[in-house]
Amino acid sequence: MKQLFLFIFVLTQSIVFSQTSDTYEKSPVFPGCESQPIENLKSCFNNKINTHIFNTLKVPQVAIDDEYKGDVKVLFEVDKEGTIHVLYVDAVYDELKDEVKRVFNELPKTIPGTYNGNPTYYQYSLAIKIPLVNPQEVTPQTAKETIVDVKKTVDLNEVVSNEYDSINNNIVKYQKLEYKSQLNIPFTHTYYARFDREMNELGTNSHTAAKPFMFDEVSKYYDFEAEKEALVKDSESWWARKLWNEHLVQVQGEDYWFTIDPVFDLQVGKDTDADFSTTYNNTRGFYIQGGLGKKFNFSASVYESQGRFAQYFNEYSESLKAFGPDPAIIPGRGIAKRFKTDSYDYPVAEAYLSYSPANFINVQFGHGKNFIGDGYRSLLQSDVTSPYPFLKLNTKFWKIKYTNTWMWLKDVRTEVTEDGAFLTKYMANHYLSWNVSKRLNIGLFESVMWAKTDNRAFDVNYLNPIIFFRAIEFETGQDAGNAVVGASLKYKWNNKVNLYGQFILDEFSLNDIKGGEKSWKNKYGYQLGAKYYDAFKVDDLLLQVEYNRVRPYTYSHNTVALNYGHNNQSMAHLWGANFSELILIGRYNYKRWFADAKLVFGVRGFDINDGTDNFSYGGDIYRSYEERPFDTGVEVGQGIKTNTFNAELQGGYIINPVSNLKLFTNISFRNFDPNANTAALVKSNTTWFSLGVRTDLFNWYYDF
């Protein structure tokens, strides 16, 4: 019995030992090597990879021209799923490094190696000889040595200790991924003019009203990389490349990338109508953008600014003053505190996250501005206000682009402030763009504004992504919100000429229109415009003409907080309402040089406010339309009729195309001529000259 027990024990141990020996360690199995015995797996793996390299790798021309002979050192890993990853490449030429990574990225998935029967990581080093050597001509002994095991088993301490270095080893040459990303192209009229023609050619299925555009929307029609490459200056030193051609910081890893650039707006100037010596602006900041994976992008820009502007601009800024001690709101920027005795300090931050779960939809959440329209102005939604929090959905399919935007705004007037806090108001927009044909685009727009009160905050009714809000307004009560509707139209006459327009309707009475008495209820506005690309056969010359007209009391409401405004600024045209305007624009660029010219002719109507006549004549959207002096005979320009003229000429040189850093000079002339002078309205003529260097990431509007 004892002998039988001993025999069984020895037999069992032999079986266990045999099994352990078989399963203790097994190297990765390359496709096509599955039938090989374990002892041949390494050599088969070696041969397959070397054969793939020999058949696939294309030696870069620079190495051929130099008649280069040497080795490329490669450290790579087979992970627990069997995927092959390059960890590090050492080569004389960057082009050779990139080519090796491309070749390894095309390797098929393997059967992962195991340790004690569990999948584990394997690391290998490999020397690739240049010129390439056919693995079939290599002796078996040499072939076994071409791939060397670096790590066979998982040592957690070793993995953790090498984690930081492995991140550095995964960094590759930046491949300008921003131009294919879901990042927004910073919206400036000057830069968008560069690709406006390509976006509007006959036969394209583009949608050009909802701005800013994303890079992947425009890159189908315009080659950003080719544009930047055409402007590259030959520079070998690091500082010269960063100044003229590249982002200050540009990093790309296996599944991420980001860039960082400094932001400047440093300018000095002279206003002939001012009682101070010079104007200036001193903005410093940074701009970061990046991506995680293929569907998630992010961007942030932070500015610290001090400035003193032309006299009329300073006075307008102070007329926008919010509740509290701060003296002004800088139009388009935000609340400003006093800096020294006659200047302003106005910090600004803008940022957003962009996520595209599928090709047809993009979601953005951030703090910034949006614009709807094909013109210089927008009567639907403009970018003249301060930045605000927003949530935006862009959905594209067939011939449709549908944009939903929800915004969190502020009413900063003293009379609506509670316990020192500004009143929060909400705005929701729908914009449906439809390419009816290869020439005609029609857009439908609706917007609703409502305010945060004791018993009402964000109304979930307006989360409804389906057009129309008007029905919801009726359900919640007409005084619960202020809804406006609108439409846009664009017609491509040919590849050189585009016609466009907008119509905004705040309130409409058909009976009053038929009555012909010019009722105040007919609150509407319209825009007509045309663009001429490569005008008069001059490449990159854009000419534009635009007419805007908005009747009195449009965008206003009997509950003032429900007006179409934010931070005491209009969410549409910067003049509010009660005006007509003609704009002529020319834009030209040649390589790194650019020039813009603009003429604005306007007629505006202002309130009298002389103590005896304190009525609202319909231009100030922050006054109730119930304060009107009459119900009929309402005309554009009523009140104190004011003729305005703005002329602006700007030219400059693009220092760095990738960050849009510019050297510029600007001269503007403004004539403001009311037919009666009051404390708030004084005739003035201003000539404002300035020059400086600026990172151009947003629109500055000075034509108030």
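Cut-offs used in this document
- Residues numbered from 1 in each chain as written.
- Predicted model: local features only at pLDDT ≥ 70, side-chain atom pairs only at ≥ 80, totals over all residues.
- Heavy atoms only, no water.
- Helix = DSSP H or I, 4+ residues; strand = E, 2+ residues; numbered from the N terminus.
- Contact = heavy atoms within 4.5 Å.
- Expected span 1.5 Å × (residues − 1).
- Buried < 20%, exposed > 50% of the residue type's maximum accessible area, 1.4 Å probe, protein only.
- Pairing = 2+ DSSP bridges.
- Disulfide = S-S within 2.5 Å.
- Polar contact = N/O pair within 3.5 Å; in protein donor to acceptor, adjacent residues only side chain to side chain.
- Phe/Tyr/Trp six-rings, centres within 6.5 Å; stacked < 30°, edge-to-face > 60°.
- Lys NZ or Arg CZ within 6 Å of the ring centre and 35° of its normal.

Q: So what's going on with the environment of E507? Which residues, and what values?
A: Tracing the chain through its elements places E507 in strand β24 (residues 497-507). Once the C-alpha coordinates of E507 and N522 are considered, the two residues, 15 residues apart in sequence, prove to be 5.9 Å apart. Apart from the residues lying within four places of it in its own chain, the contact partners of E507 are W520, K521, N522 and K523.

Q: So, helix α2 (residues 41-56): which residues are in play, and what are the values?
A: Along its 16 residues, α2 runs 22 Å from first to last C-alpha, staying within 8% of the 22 Å computed at 1.5 Å per residue. Taken together, the buried positions of α2 are occupied by L41, C44, F45, N46, I49, N50, H52, I53 and T56.

Q: Give me the pairing of strand β17 (residues 361-368): which residues, what numbers.
A: With six bridges joining them, strand β16 (residues 348-358) and β17 adopt antiparallel strand pairing. Bridge pairing in β17 places A351 opposite H367. Remark: two residues form the turn of the hairpin made by β16 and β17, two consecutive strands paired antiparallel. Alignment of β17 against strand β19 (residues 388-397), held across eight bridges, turns out to be antiparallel. For I361, the partnering residue across the bridge sits in β19 and is T395.

Q: Summarise the state of the cysteines; cite the residues concerned and give the values.
A: Taken as a whole, this structure holds one disulfide when the rule is applied. Across a sulfur-sulfur distance of 1.9 Å, C33 and C44 are joined as a disulfide pair. Between C33 and C44 the sulfur-sulfur dihedral comes to about -85°; the bridge is accordingly left-handed. Here the residue C33 occupies a position in the loop between β1 (25-26) and α2, and C44 occupies one in helix α2, the gap between them amounting to eleven residues. Exposure remark for C33: the relative accessible area of 0% places this residue in the buried category.

Q: Requested: an account of the sheet that holds strand β4 (residues 114-115), with residues and values cited.
A: Read across the open sheet, the three strands follow the order β1-β4-β5; overall the sheet is antiparallel. Two strands lie at the open edges of the sheet, namely β1 and β5 (118-119), each paired on one side alone. By the bridge criterion, two bridges tie β1 to β4 in an arrangement that is antiparallel. Looking at the pairing, E25 lines up with Y115 of β4.

Q: Mind laying out the side chain of Q182, listing which residues take part and the relevant values?
A: Looking at the element boundaries, Q182 is found in the loop between α7 (163-169) and α8 (189-199). Note on Q182: relative accessible area 9%, which makes it buried. Of note is the side chain of Q182, whose polar atom sits 3.5 Å from the side chain of D216. Those residues in contact with Q182 that sit more than four places away from it in its chain are M214, D216, K294, K295, F296, N297, S354, S356, N362 and Q364.

Q: Can you break down the packing of aromatic side chains residue by residue, with the values?
A: Scanning the model with the defined rule gives 44 aromatic pairs in all. A ring pair is formed by Y179 and F215, whose centres lie 5.6 Å apart and whose planes are at 70°; its orientation type is edge-to-face. Residue Y179 is located in the loop between α7 and α8, and its partner F215 is located in helix α9 (residues 215-218); the two are separated by 36 residues in the primary sequence. Since its relative accessible area comes to 4%, Y179 is described here as buried. Note on F215: relative accessible area 5%, which makes it buried. Aromatic side chains F195 and Y222 sit 5.8 Å apart centroid to centroid with 50° between the ring planes, which places their arrangement in the tilted category. Taken together, the residues F195 in helix α8 and Y222 in the loop between α9 and α10 (224-230) connect sequence positions 27 residues apart. Residues F195 and Y222 agree in their burial class; the two are buried. Counting every residue linked through ring pairs, the aromatic cluster contains Y179, F187, Y191, Y192, F195, F213, F215, Y222, F224 and F371. The ring of W575 carries the charged tip of R377 above its face, separated from the ring centre by 5.9 Å.

Q: Explain the pairing of strand β11 (residues 279-292) to me, using residue names and the numbers behind them.
A: Bridge count between strand β10 (residues 256-271) and β11: 14 bridges; the pairing is antiparallel. Paired with W257 across the strands is G291, a residue of β11. Bridging between β11 and strand β12 (residues 296-308) involves 13 bridges; their strand directions are antiparallel. Residue pairing across strands places G285 opposite Y303, the latter belonging to β12.

Q: If you had to explain unusual backbone geometry to someone new, which residues and values would you point to?
A: Across the junction of I130 and P131, the peptide omega takes the value 0°, indicating a cis bond. With respect to the element layout, P131 can be found in the loop between β6 (122-130) and α5 (140-146). Look at the link from K211 to P212: it is a cis peptide, with omega at 5°. With respect to the secondary-structure elements, P212 resides in the loop between β8 (210-211) and α9. For K176, which is not glycine, the phi torsion reads 55° and is therefore positive. Examined against the element boundaries, K176 turns out to sit in the loop between α7 and α8. Given a relative accessible area of 24%, K176 falls into the partly exposed group. Backbone geometry at D540 places phi at a positive 65°, although glycine is not the residue there. Structurally, D540 can be placed in the loop between β25 (523-532) and β26 (541-550).

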